[in-house]
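Close look at the chain arrangement
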Amino acid sequence: MSISIANFYLFVKISPNDIAAICATLNEWAAKTASRGLVVIAEEGINATLSGDRCAVDEALNLIENLGGLKLEPKWSHAEKQPFMRWKIDVRPEIVTLGFPCVEKLASAESFLSPAEWHARLSDTNRPPPILIDTRNIYETEIGTFEGAVDPRLESFTDIIPYLEQHTELKDKELFIFCTGGIRCEKAAPYLESKGFSNVKQLHGGILKYIEEFPDGHFKGECFVFDHRVAVDQHLEPTKQYWLCPLCGDPGNHTTLCKRCGKEAKICVRCAETAACSKDCRYHLSLRNNAQP
């Protein structure tokens, strides 16, 4: 049976009472339908990925909209098996951490570009290209990004602040920012505007929406997703070339033979030197190495 996956977020003020009601109702829904996924909810909004039978996921979306008075715009994809191991709800101060809740200062409508507008601008050879900034983490950018994009080599999203503070020359440039589903950019855009960046545009719906509409467009490689599919290709199909590294959790496609047990494993390039198939084997290898004179 094909699993339906709905990914969505919304920056909107949600009262503590509505948060409690949404959490209780979704927990009941997940238990009843055996659905899985992750929901992050805060007073500034909701960010979630739900997976299960299509009818069950549609039911959850309706429940959230009715309880919170929200209008959701899910991005849909599919997998042959459950991409989540469990069901989880997190109540946090922010739905994406940057250091300030943005519900009081949302991104301006003018900053959004639809996938079609984004594609047209990147395809326009009659004007100098915009400066593309990938706001995702290193392990995401390394397996796919837009042609010509700047990779700030972020270890976490909050690192975008010192990076931009060091590059004030970008303030008057045509700056295009993008991320997986749009949520990081929707939080970064008003921050940038408040710091004097005068021409910031963001990709509405993120990479996932872009490759849904332009599977052979300007995005090259694959897009990391935060579940056990690891990544999706340009047709939104689960990756066939990347696995989650058992040592660090990053995507990897390096094959190694474990120096301790001889088992073959798929790990990331950064862990290749360790040549272990698991954290347990890595630990015992470190003991062996430390015992050598």
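Refer to the structure presented above.
Below, the structure is looked at part by part. (Residues numbered from 1 in each chain as written. Predicted model: local features only at pLDDT ≥ 70, side-chain atom pairs only at ≥ 80, totals over all residues. Heavy atoms only, no water.)

1. Quick notes on the overall build of the chain
- Scanning the chain for helices and strands turns up eight helices and 17 strands.
- Here the C-alpha atoms of the chain give a radius of gyration of 21 Å, agreeing with the 19 Å that 2.2 N^0.38 yields for 293 residues.
- Taking the principal axes of the C-alpha coordinates as reference, the chain spans close to 60 × 50 × 35 Å.
- Across the 293 residues in the chain, those meeting the buried criterion constitute 48%.
- Long-range pairs, those at least 24 residues apart, make up 64% of the contacts in the chain with a sequence separation of at least 6.
- Accessible area for the chain stands at about 14400 Å²; split by element, carbon and sulfur atoms hold 51% of it. (Helix = DSSP H or I, 4+ residues; strand = E, 2+ residues; numbered from the N terminus. Rg over C-alpha atoms; globule rule 2.2 N^0.38 Å. Buried < 20%, exposed > 50% of the residue type's maximum accessible area, 1.4 Å probe, protein only. Contact = heavy atoms within 4.5 Å. Areas by Shrake-Rupley, 256 points an atom, 1.4 Å probe, with all protein chains shown as cover.)

2. Observations concerning unusual backbone geometry
- Despite not being glycine, V230 has its phi angle at roughly 75 degrees, a positive value.
- Tracing the backbone through its elements, the reader meets V230 in the loop between β12 (223–224) and β13 (231–232).
- One non-glycine residue, A275, lies in the positive phi region at around 50 degrees.
- Within the secondary structure layout, A275 lies in the loop between β17 (264–267) and α8 (279–291).
- Take A275: its relative accessible area is 6%, and that puts it in the buried class.

3. Topic: helix α3 (residues 115–123)
- All of the buried residues along α3 are P115, W118, H119, R121 and L122. What you see down the axis of α3 is that its buried residues fit within an arc of 165 degrees, all on one side.
- Elements that come into contact with the buried residues of α3 comprise β6 (112–113), β7 (131–134), β8 (144–146), β9 (175–178), β10 (200–203) and α7 (206–213). (Arc of directions from axis to C-beta.)

4. Here we look at the sheet that holds β7
- Across the sheet, which stays open at both edges, the four strands sit in the order β6-β10-β9-β7 with parallel pairing between neighbours. Of all the strands in the sheet, the pair left with one neighbour each is β6 and β7.
- Bridge analysis of β9 against β10 gives three bridges, and the strand direction is parallel. Residue F176 lies in a different strand from β10, and its bridge partner there is K201.
- Packing against the sheet, helix α6 (residues 183–194) makes contact with β6, β9 and β10, and its axis sits at approximately 150 degrees to β9. (Pairing = 2+ DSSP bridges. Axes fitted to C-alpha atoms, helices over the stretch in contact; angles between N-to-C directions.)

5. Topic: the layout of surface pockets
- The calculated volume of the largest pocket comes to roughly 740 Å³.
- In this structure, the largest pocket is lined by 35 residues; those nearest its centre are N7, N47, T49, I183 and F226.
- Taken together, the elements giving at least two residues each to the lining of the largest pocket come down to β1 (3–11), β2 (36–42), β3 (45–52), β4 (75–79), α4 (138–141), α6 and α7.
- For the lining of the largest pocket, the per-class residue count stands at 17 nonpolar, 10 polar and eight charged.
- Roughly 350 Å³ of internal volume is contained in the second largest pocket.
- Y9, E73, E186, H204 and G205 are the residues nearest the centre of the second largest pocket, which is lined by 19 residues in total.
- Looking at the lining of the second largest pocket, the element that brings in the most residues is β1, giving four residues. (1 Å grid on protein atoms, 1.4 Å probe; cavity = no way out; pocket = protein on both sides within 12 Å on 5 of 7 lines; lining within 4 Å. Points joined across faces, edges and corners; volume = space filled by probe spheres on them. Nonpolar A, V, L, I, M, F, W, Y, C, P; charged D, E, K, R; others polar.)

6. Focus: the pairing of β2
- Counted residue by residue, β2 has five buried out of seven residues, so it is predominantly covered.
- Pairing analysis gives seven bridges linking β2 to β3, with the strands arranged antiparallel. From the neighbouring strand, I41 faces β3, where its bridge partner is I46.
- Once β2 ends, the chain turns through two residues before running back antiparallel as β3.
- Bridging between β2 and strand β5 (residues 87–91) involves five bridges; their strand directions are parallel. Directly across from G37, in β5, lies its bridge partner W87.

7. Some points on the pairing of β9
- Because side chains alternate across β9, one face comprises the buried residues L175 and I177, and the other comprises F176 and F178, equally buried.
- Both β7 and β9 contribute to a ladder of four bridges, which runs parallel. Each residue of the ladder has a partner; that of D134, found in β9, is F178.
- Handedness of the crossover joining β9 and β10 through α6 is recorded here as right-handed. (Right-handed = clockwise from strand over helix to strand, strands pointing away.)

8. A look at the packing of α3 against α7
- For the pair α3 and α7, interaxial distance at closest approach is 9 Å and the crossing angle is 80 degrees. The orientation of α3 with respect to α7, classified from their angle, is roughly perpendicular. Side by side, α3 and α7 meet where P115, A116, W118 and H119 of the first sit next to K209, Y210 and E213 of the second.
- For the contact of α3 with α7, the per-class residue count stands at four nonpolar, one polar and two charged. (Parallel < 35°, antiparallel > 145°, perpendicular 65-115°, else oblique.)

Purely geometric numbers; function is a separate question.
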